[in-house]
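Notes for the structure review
For reference, the chains in residue letters:
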Amino acid sequence: MSGDESCKITHKIAKAKKEGRVWWSFEYFPPRTPQGLTNLYDRIERMAQLGPAFVDITWNAGGRTSDLTTQLVKTVQAYFGLETCMHLTCTNMPRSKIDVALREAKAFGCRNILALRGDPPASGGEWEADAAGFSHCSELVQYIRANYGDYFAIAVAGFPEGHPEAKDGPEAEMEHFKAKIDAGADFIFTQMFYDLDAFVDWCKRIRAAGITVPIVPGVMPIQNYGGFTRAVARFRAHVPQYFHDALDPVKDDDEQVRLVGQKLVGDMCKKILEHPDLDVNGLHIYTMNLERGSRMLLEYLGLTPSVQQLNPLPWRQSLTPKRRDENIRPIFWANRTKSYVNRTDGWDEFPNGRWGDARSPAYGDVDAYGTHLRFTKEEALELWGEPNTLDDLKDLFVRFCAGDLKSLPWSDTPVAKETKVIDQHLIQLNKRGYLTINSQPPVDGVPSSDPVHGWGPKDGYVYQKAYLEFFVAPEQLDELLQRIEAHPQITYHAVNAQGDMRTNTTSDAPNAVTWGCFPHCEILQPTIVESISFLAWKDEAYEIGRRWAHLYPEGSTARTMLSNVFDTWFLVNVVHNDFKKAEVIFEPFLV
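What you see is a predicted model, and the numbers here were worked out from it, not measured in a lab.

What follows concerns the overall build of the protein. Within the protein, the regular secondary structure consists of 20 helices and 19 strands. For the C-alpha atoms alone, the extent of the protein along its principal axes is close to 85 × 55 × 45 Å. When the 591 residues of the protein are sorted by exposure, 53% land in the buried category. With the model as given, the accessible surface of the protein reaches about 25,900 Å², and the carbon-plus-sulfur share is 49%. Counting 63 positive and 79 negative side-chain charges, the protein places the centres of these two groups 1 Å from one another.

Within soluble globular proteins, side chains that are nonpolar tend to cluster in buried spots. The biggest cluster of nonpolar side chains holds 132 residues, and the ones touching the most others in it are Tyr 194, Trp 384, Trp 410, Phe 471, Trp 537 and Trp 548. With eight residues, the single largest contributor to this core is helix H19 (residues 531-549). By size, the runner-up hydrophobic cluster in this structure holds 24 residues, among which are Leu 468, Leu 480, Leu 481 and Val 572.

Let us now look at the domain arrangement of the protein. A common measure of how large an interface is: the accessible area buried when the components associate. When the domains of the protein are assigned, the result is domain 1 (3-305) and domain 2 (330-346 + 368-589). When each unit is reduced to the centre of its C-alpha atoms, the spacing between domain 1 and domain 2 is 41 Å. Taken together, the contacts link five residues of domain 1 with seven residues of domain 2. Of the roughly 470 Å² buried between domain 1 and domain 2, counting both surfaces, carbon and sulfur atoms make up 50%. Together, Gln 35, Asp 42 and Tyr 79 form the three largest contributors to the area buried by domain 1 at its contact with domain 2, with a combined 75%. For the pair domain 1 and domain 2, the interface holds one salt bridge. Between Asp 42 and Arg 374 there is a salt bridge; the shortest N-O distance is 2.7 Å.

Contact pair helix H16 (residues 390-401) / helix H17 (residues 423-431): the axes reach a minimum separation of 9 Å and the direction vectors enclose 175°. Here H16 lies roughly antiparallel to H17, going by the angle between them. The residues of H17 that touch H16, namely those facing Lys 394, Phe 397, Val 398 and Cys 401, are Asp 423, Leu 426, Ile 427, Asn 430 and Lys 431. Classifying every residue of the contact of H16 with H17 gives five nonpolar, one polar and three charged.

Moving on: the pattern of salt bridges. Per the counting criterion, the structure on display carries 24 salt bridges. A salt bridge links Glu 83 to Arg 324; the nearest nitrogen and oxygen atoms lie 2.8 Å apart. Here Glu 83 is found in the loop between helix H3 (66-80) and strand E3 (84-89), whereas its partner Arg 324 is found in the loop between helix H12 (307-310) and strand E10 (329-330), with 241 residues between them in sequence. Exposure remark for Arg 324: the relative accessible area of 5% places this residue in the buried category. In this structure, a network of salt bridges that share partners links the residues Lys 15, Glu 19 and Arg 21.

What follows deals with the packing of aromatic side chains. Per the stated rule, a full pass over the model turns up 33 aromatic pairs. Seen in terms of ring centroids, Trp 333 and Trp 537 are 5.5 Å apart; in terms of plane orientation they differ by 70°. Their pairing is edge-to-face. Of this pair, Trp 333 sits in the loop between E10 and helix H13 (337-344) while Trp 537 sits in helix H19; the two residues are 204 residues apart in sequence, bridging distant segments of the chain. Trp 537 shares its class with Trp 333; the two are buried. Counting every residue linked through ring pairs, the aromatic cluster contains Phe 375, Trp 384, Phe 397, Trp 410, Phe 471, Tyr 542, Trp 548 and Phe 566. Arg 111 extends its terminal NZ or CZ atom over the ring of Tyr 151, reaching a point 4.0 Å from the ring centre.

Before going further, it helps to spend a moment on the sheet that holds E10. The five strands lie next to each other as E10-E18-E17-E13-E12, forming an open sheet whose pairing is mixed. Each of the sheet's edge strands pairs with one partner strand only, and the pair in question is E10 and strand E12 (443-447). Bridging between E10 and strand E18 (residues 524-529) involves two bridges; their strand directions are parallel. Pairing of Arg 329 across the sheet is with Thr 527, part of E18.

Moving on, we get to the sheet that holds strand E16 (residues 501-503). The strand order across the open sheet formed by five strands is E11-E14-E19-E15-E16, and the pairing between neighbours is antiparallel. In this open sheet, the two edge strands, each paired with only one partner strand, are strand E11 (435-440) and E16. The average angle at which neighbouring strand axes cross in this sheet is 10°, direction not considered. Pairing geometry for strand E15 (residues 490-496) and E16, over three bridges, is antiparallel. Its bridge partner lying in E16, His 493 is registered against Thr 503. Strands E11, strand E14 (466-472), E15, E16 and strand E19 (570-576) of the sheet are contacted by H19, whose axis makes an angle of about 45° with E15.

With respect to the secondary-structure elements, Val 565 resides in helix H20 (residues 557-568). Owing to a relative accessible area of 1%, Val 565 belongs among the buried residues under this scheme. If we skip the residues at most four places from it in the chain, Val 565 touches Leu 390 and Leu 393.

Reading the values: rules and limits
- Residues numbered from 1 in each chain as written.
- Predicted model: local features only at pLDDT ≥ 70, side-chain atom pairs only at ≥ 80, totals over all residues.
- Heavy atoms only, no water.
- Helix = DSSP H or I, 4+ residues; strand = E, 2+ residues; numbered from the N terminus.
- Buried < 20%, exposed > 50% of the residue type's maximum accessible area, 1.4 Å probe, protein only.
- Areas by Shrake-Rupley, 256 points an atom, 1.4 Å probe, with all protein chains shown as cover.
- Lys, Arg positive; Asp, Glu negative; His and termini not counted.
- Charge placed at Lys NZ, Arg CZ, Asp CG, Glu CD.
- Core = buried A, V, L, I, M, F, W, Y, C linked by side-chain atoms within 4.5 Å.
- Domains from an automatic or database assignment.
- Contact = heavy atoms within 4.5 Å.
- Buried area = accessible area lost by both parts, 1.4 Å probe.
- Salt bridge = Lys/Arg side-chain N within 4 Å of Asp/Glu carboxyl O.
- Axes fitted to C-alpha atoms, helices over the stretch in contact; angles between N-to-C directions.
- Parallel < 35°, antiparallel > 145°, perpendicular 65-115°, else oblique.
- Nonpolar A, V, L, I, M, F, W, Y, C, P; charged D, E, K, R; others polar.
- Phe/Tyr/Trp six-rings, centres within 6.5 Å; stacked < 30°, edge-to-face > 60°.
- Lys NZ or Arg CZ within 6 Å of the ring centre and 35° of its normal.
- Pairing = 2+ DSSP bridges.

Right under this line is the structure:
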């Protein structure tokens, strides 16, 4: 939803509580290297399948990584479809820099800020305010409220074991903390801790002080012994003796440390969630940009997301402000979400909510975004080798459909779960020279909670038409189209690199290929096939092939073979419009 309260963490906490479920979130920090950032994007996208309610992006003292932080926020909101919470600190931060950060956060669709005073300088010494900035977190909270009203949900940090710089005793520290809440903070993230008793006692004192906002406990999985001891030292956390007794004997065995740590932290989390006096229904997980520990902790706790949480639509919705209401997309970019979002960002908005008015002068401009392979040249060569013959090329596509190859140039992700339903047919197609780059099986009214095909609100039903998209040689296309004439339920578009189009469709109107029926809701048709979008996509599809060819030296056999394919072959999409008949879409291909 655009501009509503559902984007805020406070709303998510309240909604989960009302529904009687536990929620969880992840924290990430900006890496120091470009390659690290690329790998983090992959990890965040993969960990999105674990179902976090939101992700939290840190901000270094003085905004040293401010550009990376805001870029992470933008990418996660726009391409991964996850709500974000952006850190913002006072340390070495002039007001002008804070203004820029808040302005960018709003522009990217971020509705949540964690306001912090910030850590002392890494070089040591006392914390000092910037002359043009703020001295206390409460001032930063006040400033955000004064300039943005209630647009942002604002969090502040809590310290169950006491702030490391507190000097005047717990009562004075509580007064300072209450000032942050009174300035307009909406909820609390706690520093990581392993001492459950200290956390429970602190929560009781928080409530006794009249503070009623939600408390979100911050927990850190134990990934390895060295990381555990460094984190404990950095945050000055107290570790109960039973943690040491369990971990010390296995400290040199990383696998055992993870397993023991999983139980220690997991049991602590269970006690937090079940404690009658805490009223806590969520966990904020400090991932340290690692995946396995977070995954193991959630598995230990038995926390898995519902289909509705993961797939409100069959594709990941962009959460930038002007795209939150987008609920229809052409199927052609199904495997290249980032490309689609970037390319269509400047297209005029279609009256019915679709993106891509054919009358727009910007529609389909392949050069506006540029086409890139996902991998570096070295990674691509290692992944795809050097296909010198058509048989080599077919084999790569076969391996991808079989799940033995993690990516093709047209796919940012491994083969989809639903592809397993038709993978044997796809393998046969590719062996015969139909190089598939997109597909889906027919679905006739499976529950929206189905783990393979499900999406949308619960208690609904989803449908989809069988779809294939592939490259094929011109002579094979002629034979295929003759056979398709015997199947009136099949519609197709075929186009070559020069733009010569062949189709049996009689209308330029969109053809819905996925739709769903849900209680108290109109029928949703989120994925379509249409001629004008296909023509826009074909430029990108062929350019991807050319860039693959150009990985190899000029005059080489691989480059010559690939260049010939993407200069002469046709790109084809095929829809079988009778969704009740499984597998019949393959009949014209496998005769």
